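These are the residues of each chain, in order.
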There are 6 protein chains.
Amino acid sequence: MPPEEKRFRFFLLQAFSLPPASKYLVRPMGGPKEKTLMNFPDVAHLLEDVDWELHPGALAPHGDWPVETREEFCLAAASRLPIVREACASGKYNGIILLGGGDPGFMESREIGRRHRIPVTACANAQMHAAAMLGNRFSILDISEVHNMRMRDLVVQYEFSARCASIRNIHFPMPRPSYTGERSIVGEREKAQRGETSDMLETSVREALSAVEDDGAEAIILGCSAAYWLQPFLQKRLESMGWEIPLLEGYRCAIEQAKMLVRLGVDASGLAFPDDHLRRWRRKKTV
Amino acid sequence: MPPEEKRFRFFLLQAFSLPPASKYLVRPMGGPKEKTLMNFPDVAHLLEDVDWELHPGALAPHGDWPVETREEFCLAAASRLPIVREACASGKYNGIILLGGGDPGFMESREIGRRHRIPVTACANAQMHAAAMLGNRFSILDISEVHNMRMRDLVVQYEFSARCASIRNIHFPMPRPSYTGERSIVGEREKAQRGETSDMLETSVREALSAVEDDGAEAIILGCSAAYWLQPFLQKRLESMGWEIPLLEGYRCAIEQAKMLVRLGVDASGLAFPDDHLRRWRRKKTV
Amino acid sequence: MPPEEKRFRFFLLQAFSLPPASKYLVRPMGGPKEKTLMNFPDVAHLLEDVDWELHPGALAPHGDWPVETREEFCLAAASRLPIVREACASGKYNGIILLGGGDPGFMESREIGRRHRIPVTACANAQMHAAAMLGNRFSILDISEVHNMRMRDLVVQYEFSARCASIRNIHFPMPRPSYTGERSIVGEREKAQRGETSDMLETSVREALSAVEDDGAEAIILGCSAAYWLQPFLQKRLESMGWEIPLLEGYRCAIEQAKMLVRLGVDASGLAFPDDHLRRWRRKKTV
Amino acid sequence: MPPEEKRFRFFLLQAFSLPPASKYLVRPMGGPKEKTLMNFPDVAHLLEDVDWELHPGALAPHGDWPVETREEFCLAAASRLPIVREACASGKYNGIILLGGGDPGFMESREIGRRHRIPVTACANAQMHAAAMLGNRFSILDISEVHNMRMRDLVVQYEFSARCASIRNIHFPMPRPSYTGERSIVGEREKAQRGETSDMLETSVREALSAVEDDGAEAIILGCSAAYWLQPFLQKRLESMGWEIPLLEGYRCAIEQAKMLVRLGVDASGLAFPDDHLRRWRRKKTV
Amino acid sequence: MPPEEKRFRFFLLQAFSLPPASKYLVRPMGGPKEKTLMNFPDVAHLLEDVDWELHPGALAPHGDWPVETREEFCLAAASRLPIVREACASGKYNGIILLGGGDPGFMESREIGRRHRIPVTACANAQMHAAAMLGNRFSILDISEVHNMRMRDLVVQYEFSARCASIRNIHFPMPRPSYTGERSIVGEREKAQRGETSDMLETSVREALSAVEDDGAEAIILGCSAAYWLQPFLQKRLESMGWEIPLLEGYRCAIEQAKMLVRLGVDASGLAFPDDHLRRWRRKKTV
Amino acid sequence: MPPEEKRFRFFLLQAFSLPPASKYLVRPMGGPKEKTLMNFPDVAHLLEDVDWELHPGALAPHGDWPVETREEFCLAAASRLPIVREACASGKYNGIILLGGGDPGFMESREIGRRHRIPVTACANAQMHAAAMLGNRFSILDISEVHNMRMRDLVVQYEFSARCASIRNIHFPMPRPSYTGERSIVGEREKAQRGETSDMLETSVREALSAVEDDGAEAIILGCSAAYWLQPFLQKRLESMGWEIPLLEGYRCAIEQAKMLVRLGVDASGLAFPDDHLRRWRRKKTV
């Protein structure tokens, strides 16, 4: 961080919150930050040098189930922007971490952050950047047909198409009224944690192998944050099979990318995210 | 349109509305649809075979000035989706036309439309498709640094990067609190209509020529809908200079693309816009 | 269409004709236009607002079998250009529709049409544009190894490579002296129409599924016009299997694209198709 | 060449011939081959180890002026294919060289050549391959707006877009009824040969410099064969200015590429140019 | 860094060393590490949480002047690899930082580092990754024609071509026998530090503006490490002109990227950098 | 070759030599040039018009086993450059042929050759250029996971990514201390030459078929030069199965490409390989 910054002061913002009584929860909706930040033990050591706050996210405007469609992502994005604005304006933070696998409101939040010279990072974007540092092409392991398309939109918007080997679908959709299957992400995590066989993990192993052997992936990133728990389990499985492929996860990447930006003293290009109060303008842009 | 459809029934939705008392208006906020649809005389003949309704758009949630930043586009998108939902559900329309140059909520609206098998078109997207039918590369003539970046995001998201020769900025920003310049889009249109010299038109001529001579544009499309009035004036000027380059405009392209889709009996790919109630899913996607 | 145009006046031109006595016919070589336009019932409703003429095409110069090799496509292209010239010069038409799956003479015909300000559309090109409106990537379902390469050349020449997921070969070659197999496209169509099992349809189902599941297609277009009859049958089969993928066909796309261009008052970019009597020229082009 | 081939036996085919009485000639239409092969002295040393015949080309079907529009190129292509067929079938040649800058009929001729296992080369294509061996990107120096678009189509069809820095237009159109300017390519060549100032050469110097300094060209190739005479003059000029950029020309590249293919014992891929009498076919192609 | 790592332990390796008596020095060849690490004051705050050693680099095998040609970069690469090997094998470091602007031996060093699970970063590569986090496209500001081509090779090899807007040459070559100009990088830095006008800085301002206005750069990175001193001066100048474009520099980016990788517990993909002692292999790779 | 050159005078340089007593040899380390040039009978006819010398290559600095890792390739590159320098400076040669499948030192050697106006060719690069002349996409058949990544780096560095359909691994690694498998390339060649079944050949057939049927290859090139012996055997096998796909090999391509360049009188672009003693420089490069 620039010489005058002595410590990271990060604002972690959940993608959205659901009513605690919702029957579609995949993470706890209340409690201390160490409990409500999913997979905290995987992340804890990276937060040791950070003063951090965790915001539960705006109440999801679309319903009481997790965001998965493009429409839901748009609504969640809009509802989280005022929180980003307020956090930036508070002067309390030198970095904003957008939690959630599908990065709702990321481009807009960077625009807001830019006005305050505060870097904003998000989980899918940060994973793609980290993956690009490790190999030439990455695959995304993701949970459902609908969510896959969100990840696809992000790959395109972030201009990572040439580095994306594939999006692999393990078909464990988020709970929602329209989903009548019985597959439960929460249940799978618990099974894995108990050392039992988890179909979600087994399917992930199978799809990761296809990503490696058929699609040309040299790194794997995870799509939906509800699947981030897979990281240590799946990494271990792949290693035990002799495949030396790094498996990333969003929280850690987003936190560490924010640190890198803070320390380099940069946030976002003022040309890519031009300010409302513009001093200079260009006649021409190329895409 | 499919044999059973006898007539186009289109829902035209403005990008947003502003309070009538706003001092930042660029179009009338009330009156008959023929008055509030900008540049109606340019479009009228294309609506003759259409039963059409014009919705004024949701009241802009961000303030009383036009949408221009990424943040504002996101908020406008979210606020217009419920209107799209309702229009689709009403059963009254066989096509949805999203007005506005920056296509807020287009991808999300297509997802909604898909559930009802109703095509949704939008002005930037439709212009890009039409331009691609006429030549190999197009340039976008657009009004301001901030709005340019919205257009850029759209080119990338729609995967038209390889066909976009440039985005040319004429620097006539929309009225807004932060803009202290004196350039007025409305005033320029009036000058042009009175046959007086319009700086906005003159600048557009200059930038269009650069697009042709320097950037390799073979067609030109317009960015912000507040600049659509330029089309007949600028087309004429370019022709008088001997440049045979088509100049498109968003309303006409969006209306005609919607007709094409309706008549072909298609709306959007169910694989690109998968339904919430999914019958089949794929293991793999490529980007 | 521009205000002054009151009705579509289209000239439909077959790719070539064969001697009626040829033993390699795949469509009738004489009779009323409704009989000689293949699959007329699928298209009829789109021609209701069109005054149309159907030209049988020039007699194929290469032999009495259908065009399939690159050499044959070139000869067919050259022999159809004088007909396009004459149609354009007649002043009777406001649109030219080039029938045939492999678009012989399309680029050249657009050049001719441009001189008369008449849009020219063709079946492969129009399908690609329509497919691009529906999803990100399309596959081409086509009949033979040799014809596939023609489709490939078109994808490249039209600069749709990045949107083409694959060309899938069902291996039902056109009848020709060198083809000694027994597969008959005409016979297959008749079987399907009688409700019997058609190997051509079954193979198409199989290849379409591979296009969806393996290649990433989000829309499917048909290559050779002799396979256009598949459209309703195959679309139905895919739908019945739960795959919501649009299946396009060339005649309808070419007709509707022509309408769109006529109504928008455009034909082709004068920069992409410069006139012989040039008024302005550019120092530089980019590819 | 393969061990059994002892000498190159090449068939050189002009793109087309014009009536000797035409007032639009740019090369002599009769006489010994050494006289009718343009710029023979530049090429002679490369033909020393070749038994070669020069065919004057089919009489141009479109009129008595040189080929320049897309339509004219198509007609010229079709009229030259029977000559290629006959040359291949004669058994007299082990290489076919298509003369002319715009490669009419090249893809089709390769298909024909493939059946006889005879490589076919053409001037634009061969220059692009040679240029790619020398640097990363090349520019094309070409004579007219219309001809430029032919070159552009070739760059795209040959999939060299990523290596083409620009097409630079010196605006010395071929003589033709519609061209009323007074610039004469033949006159310019004579001036240059007499040591006088040639506007065509001076303009070429200017555009070559722009290709180097602005467009990023690392090699330059020539478009129309009527401009091939520029090669030694322009190369010398660029060298005298300190620019070490190779300037290629079509005849030499096409002849030497043909030798390379003959000696390697290859002609064209049977998968890219599948035979009419096919032994194996593929289910899938990618573009 | 992974929980068990308590502190960064970095090995910083100069690209090469020259004989202290060389008359072509651009940095001191002896003294304490804080003196021999160029521009230490710009970097010092980033090394506060690092235990670091600075290796002077192998003695340049090619001569007593700085590395600038491709040949010299290859020789420097080879001569530095044994040092990387030894550092990795020593067990003393958890990160290797390759100093120098042209990244000699970076791909090879990552291969070596991978065997020891130690991340290796380099200045050009790290700047490109950081720039990609800030905007869509970056330009490289670099010192000489010859060095530019090295930067170009790196952009291609790292697969950043689509994000590289341009390489801008300020033409201040490194001192070497063949360079007879009088421009001195060291002298320019001193002038700038004394507050005098530096031609090198002025030229950098001019080229940076062209990168922004003409080439579409949204971030700027520096090529040769001998120009890294420009960073604070040039950043300030651009800001004072109203251009909000981030200007990066190699040392800081390479250090911070190494920290990010160490903390994420990754080094390089074992598939992109396969081990000599391989446990699994793939039948297929895609590029 | 240019008129004044009367005969090819080529310097063939092995990639490296090993101690004759090494137990990891794949080619003889001494004897007449006809014996030490691998597969001489396949190449002999192409050397009939060449005065050629064969240099055994520098002694490998890394150990007594063949080059396979990136590190080893870098060391081999550096150790061969002085030999290239000397050969160029000798004035005895008009072409340099770099033997070896992975092209160590190719870019650097071209830079050296450029100073002397002598073309330098290399086996992988020459095969890629030749393959591009035959079809649209090629696959590389290669021997091992580690060597595959070298081939991949070359495809990227040479900017042939868009033409590379795949790299197919037959998993017959070079002998080296870390390789404990029993597969022997030399043994396989002998089996094939004796007409016995060779697993290496059988695996190559299988992978070549996958390249054709799954990956879209239209030509095949060979990676490691130790596998070049496969060429006649594999070509024959593919032909016997009905697949008309050209199979190239490096020595022949490199020799014939060098002849082509010599006869065209070119070596490398002075802009792509700028001289140390530069006369002109450019402000800008594009990648």
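Criteria and cut-off values
- Residues numbered from 1 in each chain as written.
- Chains lettered and ligands numbered in written order.
- Predicted model: local features only at pLDDT ≥ 70, side-chain atom pairs only at ≥ 80, totals over all residues.
- Heavy atoms only, no water.
- Disulfide = S-S within 2.5 Å.
- Buried < 20%, exposed > 50% of the residue type's maximum accessible area, 1.4 Å probe, protein only.
- Contact = heavy atoms within 4.5 Å.
- Buried area = accessible area lost by both parts, 1.4 Å probe.
- Salt bridge = Lys/Arg side-chain N within 4 Å of Asp/Glu carboxyl O.
- Helix = DSSP H or I, 4+ residues; strand = E, 2+ residues; numbered from the N terminus.
- Nonpolar A, V, L, I, M, F, W, Y, C, P; charged D, E, K, R; others polar.
- Expected span 1.5 Å × (residues − 1).
- Least-squares fit on C-alpha atoms with pLDDT ≥ 70 in both.
- Axes fitted to C-alpha atoms, helices over the stretch in contact; angles between N-to-C directions.
- Parallel < 35°, antiparallel > 145°, perpendicular 65-115°, else oblique.
- Arc of directions from axis to C-beta.
- Domains from an automatic or database assignment.
- Polar contact = N/O pair within 3.5 Å; in protein donor to acceptor, adjacent residues only side chain to side chain.
- Phe/Tyr/Trp six-rings, centres within 6.5 Å; stacked < 30°, edge-to-face > 60°.
- Lys NZ or Arg CZ within 6 Å of the ring centre and 35° of its normal.

Asker: What should I look at first to understand the state of the cysteines in this one?
Answerer: Among covalent bonds in proteins, the disulfide is the one between the sulfur atoms of two cysteines. Scanning all chains against the criterion turns up 0 disulfides over all chains. Looking at the unpaired Cys123 of chain B, the closest cysteine sulfur is the one in Cys253 of chain B, lying at 8.5 Å. Free of any disulfide, Cys164 of chain C has its nearest neighbouring cysteine sulfur in Cys253 of chain C, separated by 15 Å. Of the residues examined, Cys164 of chain C reaches a relative accessible area of 4% and is grouped as buried.

Asker: I'm lost on the interface of chain D and chain F in this one. Help?
Answerer: The accessible area lost on association of the parts is a frequent measure of interface size. Taken together, the contact between chain D and chain F spans 60 residues of the former and 60 residues of the latter. Of the roughly 5,300 Å² buried at the junction of chain D and chain F (both faces included), carbon and sulfur atoms supply 53%. On inspection of chain D and its partner chain F, the count reaches 10 salt bridges. A salt bridge links Arg263 of chain D to Asp49 of chain F; the shortest N-O distance between them is 3.2 Å. Of all elements in the fold, only helix 4 (106-115), helix 5 (123-134), helix 8 (199-215) and helix 10 (250-264) of chain D reach the threshold of two or more residues within the side of chain D that touches chain F. At 9 residues, helix 10 of chain D tops the list of elements feeding residues into the side of chain D that touches chain F. Residue composition of the side of chain D that touches chain F, by class: 27 nonpolar, 10 polar and 23 charged.

Asker: I tried to follow helix 6 (residues 145-157) of chain D on my own but got confused; where do I start?
Answerer: Since the α-helix packs 3.6 residues into each turn, any two residues three or four apart lie on the same face. All names here are of chain D. Taking 1.5 Å per residue as the helical rise, helix 6 with its 13 residues ought to reach 18 Å, and the 19 Å between its terminal C-alpha atoms agrees with that figure. In terms of residue burial, helix 6 counts as a mostly covered element, since 13 of its 13 residues are buried. The positive-phi residue at the C-terminal boundary of helix 6 is Glu159, with phi of around 60 degrees.

Asker: Which parts of the structure should I look at to understand the relation of the copies chain D and chain F?
Answerer: Between the two copies of the chain lies a rotation about an axis combined with a shift along it. Note on the copies: chain D fits chain F at an RMSD of 0.0 Å, the axial shift is 0.0 Å, and the rotation between them is 180 degrees. The relationship between the two copies is best expressed as a two-fold rotation axis. Take the interface residues of chain D: 100% of them recur as interface residues in chain F, which is what a same-surface contact looks like.

Asker: It is not clear to me how the packing of helix 10 (residues 250-264) of chain A against helix 5 (residues 123-134) of chain E should be interpreted in this structure. Could you clarify?
Answerer: Relative to each other, helix 10 of chain A and helix 5 of chain E sit at 100 degrees, their axes nearing to 12 Å. In terms of axis orientation, helix 10 of chain A runs roughly perpendicular to helix 5 of chain E. In contact with Gln257, Met260, Leu261 and Leu264 of chain A of helix 10 of chain A, helix 5 of chain E contributes Ala130, Met133 and Leu134 of chain E. Of the residues assigned to the contact of helix 10 of chain A with helix 5 of chain E, the class counts are 6 nonpolar, 1 polar and no charged.

Asker: What is the right way to read helix 7 (residues 185-193) of chain A from this model?
Answerer: Residue and element names in this part refer to chain A. When helix 7 is considered as a whole, its buried residues turn out to be Ile185, Glu188, Arg189 and Ala192. Buried residues in helix 7, looked at end-on, bunch into an arc of 100 degrees, giving them a common side. In the core, the buried residues of helix 7 are packed alongside helix 8 (199-215) and helix 9 (230-240). At the exit of helix 7 stands Gly195, carrying a positive phi of roughly 85 degrees.

Asker: How should unusual backbone geometry be read in this particular structure?
Answerer: Glycine aside, negative phi is the norm for most residues, and most peptide bonds take the trans geometry. In this structure, Asn39 of chain A takes a positive phi of about 55 degrees despite not being glycine. Topologically, Asn39 of chain A is positioned in the loop between helix 1 (33-36) and helix 2 (40-43). Phi angles above zero are rare outside glycine, and His171 of chain E is one such case at about 55 degrees. Position of His171 of chain E among the secondary structure elements: in the loop between strand 6 (164-169) and helix 7 (185-193).

Asker: Would you mind showing me how to read the domain arrangement of chain A here?
Answerer: Residue and element names in this part refer to chain A. Per the domain assignment, the segments making up chain A are domain 1 (3-124 + 251-264) and domain 2 (129-248). Distance from the C-alpha centre of domain 1 to the C-alpha centre of domain 2: 21 Å. Its largest share of buried area at the contact with domain 2, domain 1 owes to Val26, Glu68 and Arg70, together 27% of the area lost on that side. Put simply, domain 1 and domain 2 have 3 salt bridges between them. Counting the contacts that link domain 1 with domain 2 gives 7 residue pairs in polar contact (both at pLDDT 80 or more). Contributing elements (two or more residues each) for the side of domain 1 that touches domain 2: helix 3 (70-90), helix 4 (106-115), helix 5 (123-134) and helix 10. A class-by-class count of the residues in the side of domain 1 that touches domain 2 yields 15 nonpolar, 6 polar and 6 charged.

Asker: Where do I start with the packing of aromatic side chains in this structure?
Answerer: Aromatic ring pairs are described here by two measures, namely the spacing of the ring centres and the angle between the planes. Applying the stated criterion across every chain yields a total of 48 aromatic pairs over all chains. When the centroid spacing of 5.5 Å and the interplanar angle of 45 degrees are considered together, the rings of Phe8 of chain F and Phe10 of chain F count as tilted. According to the relative accessible area criterion, Phe8 of chain F is buried, its value standing at 3%. The buried category is assigned to Phe10 of chain F, whose relative accessible area is 0%. Taking NZ or CZ as reference, Arg183 of chain A lies 3.9 Å from the ring centre of Phe172 of chain A, over its face.

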